[in-house]
Amino acid sequence: MRLSIQGLSLGYGRLTAVDDVSLDIESGDMVSIVGPNGSGKSTLLRGIGRLQRPTRGRVLLGETDIRSLGARQVARQLAVLPQSPDGGADLTVRELVYRGRFPHQGILQRLTRTDFEAVDWAMKAADVELLAARTLAHLSGGERQRAWIAMALAQQPRVLLLDEPTSFLDIAHQVEVMELLQRLNHDGITVVAVLHDLALAARYTRRVIAMREGRVAFDGAPAEVMEPVGLAKVFGIAMTVLTDPESGLPIPIPRSKASLTPRDAIATDRP
Amino acid sequence: MTGMAAESPKQGSALERRVPARLAGSTVVLLMCVTGLLAVSLLSMKLGAVHLSWNEVWGGLTSDSEPLARNIIWQIRVPRLVDAMLVGAALAVSGALLQGVTRNPLADPTILGVTAAAGLASATVIVIDPRVPQWAIAAACAAGGLIGAGVLFVIAYRGAVSPVRLALAGVALSAFFGAAIVGLLASSRTFLQTSLGFLAGGLYGSEWRDFRAMLPYLVPGFAAAILLSGRLNILALGDDVAAGLGVVTDRTRLAILAVVGVLTAMAVATAGMVSFVGLVCPHLARYTVGSDNRALIPVSALYGALLVSIADLIARLVISPSEVPMGIITAGVGAPFLLYLVRFRE
Ligand SMILES: Nc1ncnc2c1ncn2[C@@H]1O[C@H](COP(=O)(O)OP(=O)(O)OP(=O)(O)O)[C@@H](O)[C@H]1O
Ligand SMILES: [Mg+2]
């Protein structure tokens, strides 16, 4: 399902966190959003996911403005996993995943076979079957993250928005989560993920959108946009970009701040 | 949707999961609870200023053969028992809703000032006209409860939700309305005895007209509580997750607080300012069936009914033929429990 973001601005009180962003995300694409802390990535994701009312602009899901759809209607097609959700600590993983069925259920929330199947599939896909009976509060950060991903999957969305789904994960689980997202994407789900790990973004997503100060700094295929000058501009730190000998994809590596060359310093607009 | 068919799980295990494990494990406790309610009911019919024999209870309940017993049972003890159960259930459900919506285990209609808001409305109409009919008291309480809940919503949910802010707002409201009530009662000619019963909470002299006055509010109130319980489960996951799952968070909170306002108000209209029932019962229920509000809310209601009917029975018997305010008994149970919570739980 195609997402069309048109002149979207979002803020908190007087602060503008996302400033007039326009993006088209094609159905079935796999997109990462990168950028420094506070650059508006989470806010943009919240705007796309209908968690926050925009101050200007709109988001089209397919052909329809998400504001004209009901919250539940949107939730049936689009799942958002916020950055480090903190609720539900006393739930078991299975209970949590069942809650992902909420937008599909009637007022009495009677469970149907579709619910069972969706939950079983989601738990299997996110590899939390062995954790099913464990309480969320007693899981490691990574296990908990996978439980939340399972909940979002139980929603059976066509579009999946994830805010830093790989933070807290060890390398193996980072790769596992990214491969899970890739599989889902192969099955036709549009995936948009905020990522801090640039190498992961380059390796697993087809399009990288970089945010800086609420605006899009660069946007394109990783091999094209992930180059030292552009990255230095966004992150304010000198970068070297290696090439993965296996895939030919870029692997950005940060250099120390001190090694910022005069040319880079000009490029970052920083003293 | 996509990819589902290929990885579809085996069917056999699905049925077993239909009954959540915690609910199945707690059947015994629930049966005991129902048995307890039955036992309290029988004792409440038998014991009192006039002790009836079991034969008289049976005769009075089922036939005209014992006119005196029949009168005592049907006109005094049964209505009071029913009122007690409904008051308990209303307070316990209010407490469960509040603890859920604030994500704060210490929330309760008394602590957050809803009881006092309804109480102020009740005291006001009674002081204006001591002969005011019960239905009017109920209506005034409902208005007061709704206002209290509304004020709470505005104060606590402007901007980000903070449990601390909510608790502080509640304490302030509670103190403010409480002071107004005492001021009002002290400056009126209302009997001190009545005031005391009202402030401490009790079911002295409650009868069928209290029941009739509560019913039009309690039926939709309880129904709404049940219908909102699923959304409350989702709210517990945090605001962003809830919004992502299609719950309009502010509207849901407002609806839940309105239900709390109405249910609490009915308890106040009938029994005055009973405290701690709304705090204790949801915790006991959580202990029994876990935190799924679809189970937690009905089970809280059951515990509330049990607690208040037992407390009222004790209140009637300790210094019989006179009686103590029932709220003293619930506070006697609730206050130590609160201390326990503060000391031993996060
Ligand atoms: N709830 C809030 N209230 C007020 N300001 C906020 C709120 N959330 C974010 N902001 C501000 O909005 C701006 C963008 O924040 P946002 O969370 O979108 O950044 P981000 O790119 O996701 O950062 P991070 O990488 O640290 O998660 C920041 O300046 C932040 O301080
Ligand atoms: Mg963020």
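You'll find the structure just up there.
The notes below deal with the structure included here.

Cut-offs used in this document
Along each chain, residues carry numbers from 1 onward, in the same order as the chain's sequence is written. The lettering of chains begins at A and the numbering of ligands begins at 1, in the order of writing. Only residues with pLDDT of 70 or above have their local features reported here, since the model is predicted, and side-chain atom pairs are shown and tallied only from 80 upward, although totals for entire chains, interfaces and linings are computed over all residues. As a rule here, side-chain values come from all non-hydrogen atoms in the structure, and water together with hydrogens is ignored. Going along the chain from the N terminus, every DSSP run of H or I of four or more residues is numbered as a helix, and every run of E of two or more is numbered as a strand. The cut-offs for exposure are 20% and 50% of the maximum accessible area for each residue type, with area from a 1.4 Å probe on protein chains only; residues under the lower value are buried, those over the upper are exposed, and the others partly exposed. When checking whether two residues touch, look at their non-hydrogen atoms; a contact exists if any pair is within 4.5 Å. What sets the accessible areas is the Shrake-Rupley method with a 1.4 Å probe; for residues, cover comes only from the shown protein chains. Following DSSP output, two strands are said to pair if at least two bridges run between them. Interaxial angles span 0 to 180 degrees and are taken between N-to-C directions of axes, which are lines fitted to C-alpha atoms, for helices over the stretch in contact. In this listing, donors mean N, O and S atoms no farther than 2.8 Å from the metal, or 3.2 Å for Na, K and Ca; water is missing from the atoms, so a site can look incomplete. In this scheme the crossing of two helices becomes right-handed for a clockwise turn of the near helix relative to the far one and left-handed for an anticlockwise turn of less than a right angle. Classification used: nonpolar for Ala, Val, Leu, Ile, Met, Phe, Trp, Tyr, Cys and Pro, charged for Asp, Glu, Lys and Arg, polar for all others including Gly. As a working definition, buried area equals the accessible area (1.4 Å probe) given up by two parts on being put together, with both sides summed. By definition here, a salt bridge exists when the distance from a side-chain nitrogen of Lys or Arg to a carboxyl oxygen of Asp or Glu is within 4 Å. Pairs of N or O atoms are called polar contacts if they sit within 3.5 Å, as long as, within protein, a hydrogen donor faces a hydrogen acceptor (for residues adjacent in sequence, only side-chain-to-side-chain pairs). Near residues are defined by distance, with any heavy atom within 4 Å of the molecule or strand qualifying the residue.

1. Some thoughts on the overall build of chain B
Link 1 in the chain: Counting its secondary structure elements, chain B contains 15 helices and zero strands.
Link 2 in the chain: A burial count over chain B gives 52% of its 346 residues as buried.
Link 3 in the chain: When contacts within chain B are restricted to residue pairs at least 6 apart in sequence, those whose partners lie at least 24 apart make up 74%.
Link 4 in the chain: Surface summary for chain B: the accessible area is close to 15,500 Å², and the carbon and sulfur share equals 70%.

2. Points about the environment of Val93 of chain B
All names here are of chain B.
Link 1 in the chain: By the secondary structure assignment, Val93 is in helix 5 (residues 67–102).
Link 2 in the chain: For Val93, a relative accessible area of 1% translates into the label buried.
Link 3 in the chain: Separated by 129 residues in the primary sequence, Val93 and Phe222 place their C-alpha atoms 8.0 Å from one another.
Link 4 in the chain: What Val93 contacts, discounting residues up to four positions off in sequence, is Phe222, Ala225, Leu263, Ile297 and Ala301.

3. Side note on the sheet that holds strand 5 (residues 64–65) of chain A
Residues and elements named next belong to chain A.
Link 1 in the chain: Spatially, four strands are ordered 2-1-4-5 in an open sheet, and the strand pairing comes out antiparallel. With one partner strand each, in any of the chains shown, strand 2 (15–25) and strand 5 form the two edges of the open sheet.
Link 2 in the chain: Two strands pair when backbone bridges link them, and strand 1 (residues 3–12) and strand 2 are joined in this way by seven bridges, in the antiparallel orientation. Looking across to strand 2, one finds that Ile5 is bridged to Leu23.
Link 3 in the chain: Sitting on the sheet, helix 1 (residues 41–48) is in contact with strand 1, strand 2 and strand 4 (56–61), with an inclination near 120 degrees to strand 1.

4. Details of the coordination of the magnesium ion (ligand 2)
Residue and element names in this part refer to chain A.
Link 1 in the chain: Around the magnesium ion (ligand 2), the protein supplies Ser42 (OG) and Gln83 (OE1) as donor atoms, at distances of 1.9 to 2.2 Å. Placement of the pair is Ser42 in helix 1 and Gln83 in the loop between strand 6 (78–81) and helix 3 (93–99), with a sequence separation of 41 residues.
Link 2 in the chain: Judged by its relative accessible area of 37%, Gln83 falls in the partly exposed class.

5. Things to note about the packing of helix 4 (residues 113–125) of chain A against helix 5 (residues 141–154) of chain A
Residues and elements named next belong to chain A.
Link 1 in the chain: Put simply, helix 4 and helix 5 touch, their axes get as near as 8 Å, and they point 145 degrees apart. Handedness of the crossing formed by helix 4 with helix 5: right-handed. Touching Ala118, Trp121, Ala122, Met123 and Ala125 of helix 4 are Ala150, Leu153 and Ala154, all from helix 5.
Link 2 in the chain: Along the lines of polarity and charge, the residues of the contact of helix 4 with helix 5 split into eight nonpolar, no polar and no charged.

6. Some thoughts on the sheet that holds strand 10 (residues 215–220) of chain A
All names here are of chain A.
Link 1 in the chain: A sheet is described by the order of its strands in space; here six strands give the open sequence 6-7-8-3-9-10, paired in mixed fashion. Each edge of the open sheet is held by one strand with a lone partner, namely strand 6 and strand 10. Averaged over neighbouring strand pairs, the angle between their axes works out to 15 degrees when direction is ignored.
Link 2 in the chain: In the sheet, strand 3 (residues 30–34) pairs with strand 8 (residues 190–194) via four bridges, with the strands oriented parallel. If you follow Val31 over to strand 8, its bridge partner there is Val192.
Link 3 in the chain: Contacting strand 6 and strand 7 (159–163), helix 5 runs over the sheet at an angle of about 165 degrees to strand 6.

7. Some thoughts on the interface of chain B and chain A
Link 1 in the chain: The interface of chain B with chain A comprises 32 residues on the first partner and 40 residues on the second.
Link 2 in the chain: Summed over both partners, the interface of chain B with chain A buries about 3,300 Å², with 57% contributed by carbon and sulfur atoms.
Link 3 in the chain: Linking chain B with chain A are two salt bridges, by the criterion used here.
Link 4 in the chain: For the interface between chain B and chain A, the tally reads five residue pairs in polar contact (both at pLDDT 80 or more).
Link 5 in the chain: Those elements giving two or more residues to the side of chain B that touches chain A turn out to be helix 10 (208–235) and helix 11 (239–244) of chain B.

8. Thoughts on the site of ligand 1
All names here are of chain A.
Link 1 in the chain: Around ligand 1 lies a shell of 14 residues, among which Asn37, Gly38, Lys41, Ser42 and Thr43 are the nearest.
Link 2 in the chain: Here Asn37 contributes a side-chain N or O atom positioned 3.0 Å from an oxygen atom of ligand 1.
Link 3 in the chain: Contacts to ligand 1 include Glu164, whose side-chain N or O atom sits 3.5 Å from an oxygen atom.
Link 4 in the chain: Expressed as a share of its isolated accessible area of 630 Å², the protein-covered part of ligand 1 is 61%.
Link 5 in the chain: Elements supplying a minimum of two residues to the shell around ligand 1: strand 2 and helix 1.
Link 6 in the chain: The greatest single-element share of the shell around ligand 1, amounting to three residues, is contributed by helix 1.
Link 7 in the chain: Residue composition of the shell around ligand 1, grouped by class: four nonpolar, eight polar and two charged.

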